[in-house]
Amino acid sequence: MSNSAPPAQTPRQSVLARIAAAASEAGRAPSEVTLVAVSKQQPWSRIEPILAEGQRIFGENRVQEAAARWSEPRQALPDLELRLIGPLQTNKADEAVGLFDVIESLDRDRLARALADAAQKAGRAPRLYVQVNTGEEPQKAGVLPDAADAFIHDLRRTYDLAPEGLMCIPPQDEPPGPHFALLRKIAGRTGLAQLSMGMSGDFETAVRFGATSVRVGSALFGERAPALPTKDPV
Ligand SMILES: *Cc1c(COP(=O)(O)O)cnc(C)c1O
């Protein structure tokens, strides 16, 4: 037995290795899965090192918090990609369109209208994901699975929007696999290629079920500080 310690891995290297292993197991190329680093409620001191490692895609769940954190640093980071993964109020659509490259929480007609208008005004259209409430939880955002097909159809026909994928957050107290499978099924029948699913606790499962991006926070940064009181939408 060797006494030499294994080379130290950063949390990002370890998460990337786990993604790659899960992808290989599923017969997928690791490059098919994008790591979105969820930086919400994290101090800059934890974000800086991961930027230095080359991470450029970050997820945030509040418009105001994301603007405060990223408006300045992004000036020096032309390849930064910011993704909104939390609920969006229509009155924040302009600001969200100005800040985010991807909005993953599109789930209702009024928001579709607001985003279409904001994109028109700004001459800048974020890529869009439809959030699906796969667990049909009353407190959770997202379109219900039964309504997803019609909603996606309306996005294309009525609002001239071209969503690229689906996003879900499975119920905390259930095995996530069936929820990931359902999301994949809806994407398949609606012709959407991207699947945003899997978080720190279940991203390997999500990769096995076909995730094209995983949203990982605490496994990269450590536990979050509690959310501050905010006037932002929740
Ligand atoms: C906070 C959050 C995550 C990251 O959660 P972790 O368990 O810390 O990885 C992923 N997705 C969404 C929508 C979130 O709000």
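Residues numbered from 1 in each chain as written. Predicted model: local features only at pLDDT ≥ 70, side-chain atom pairs only at ≥ 80, totals over all residues. Heavy atoms only, no water.

A. Structural detail: the nonpolar core. With 60 residues, the main nonpolar core has Phe58, Phe100, Leu115, Leu166 and Val214 as its most contacted residues. With six residues, helix 5 (residues 109–122) is the largest single contributor of residues to this core. Sequence-distant contacts of Leu166, defined by excluding residues within four places in its chain, comprise Tyr129, Val130, Val132, Ile152, Leu183, Ile186, Ala187, Leu192, Gln194, Leu195 and Ser196. Counting five residues, the second largest nonpolar core, distinct from the first, contains Val38, Ile85, Val102 and Tyr129. (Core = buried A, V, L, I, M, F, W, Y, C linked by side-chain atoms within 4.5 Å. Buried < 20%, exposed > 50% of the residue type's maximum accessible area, 1.4 Å probe, protein only. Helix = DSSP H or I, 4+ residues; strand = E, 2+ residues; numbered from the N terminus. Contact = heavy atoms within 4.5 Å.)

B. Expanded view of the pairing of strand 5 (residues 127–131). Along strand 5, four of the five residues are buried, which leaves the element largely enclosed by surrounding structure. When strand 4 (residues 102–106) meets strand 5, the two strands line up parallel, connected through three bridges. Bridge pairing links Ile103 to Leu128 in strand 5. One crossover worth recording links strand 4 to the parallel strand 5 by way of helix 5, and it is right-handed. Two strands pair when backbone bridges link them, and strand 5 and strand 6 (residues 165–167) are joined in this way by three bridges, in the parallel orientation. Paired with Val130 across the strands is Leu166, a residue of strand 6. The parallel pair strand 5 and strand 6, bridged by helix 6 (residues 145–157), forms a crossover whose chirality is right-handed. (Pairing = 2+ DSSP bridges. Right-handed = clockwise from strand over helix to strand, strands pointing away.)

C. Inspection of the environment of Ala225 at higher detail. By secondary structure assignment, the location of Ala225 is in the segment after helix 9 (218–221). Ala225 sits 183 residues away from Gln42 along the chain, and the two C-alpha atoms are 6.7 Å apart.

D. Highlighting the environment of Arg62. Within the secondary structure layout, Arg62 lies in the loop between strand 2 (57–60) and helix 3 (63–70). By relative accessible area, which is 14% here, Arg62 ends up buried. Sequence separation between Arg62 and Ala96 is 34 residues; the distance between their C-alpha atoms is 9.4 Å.

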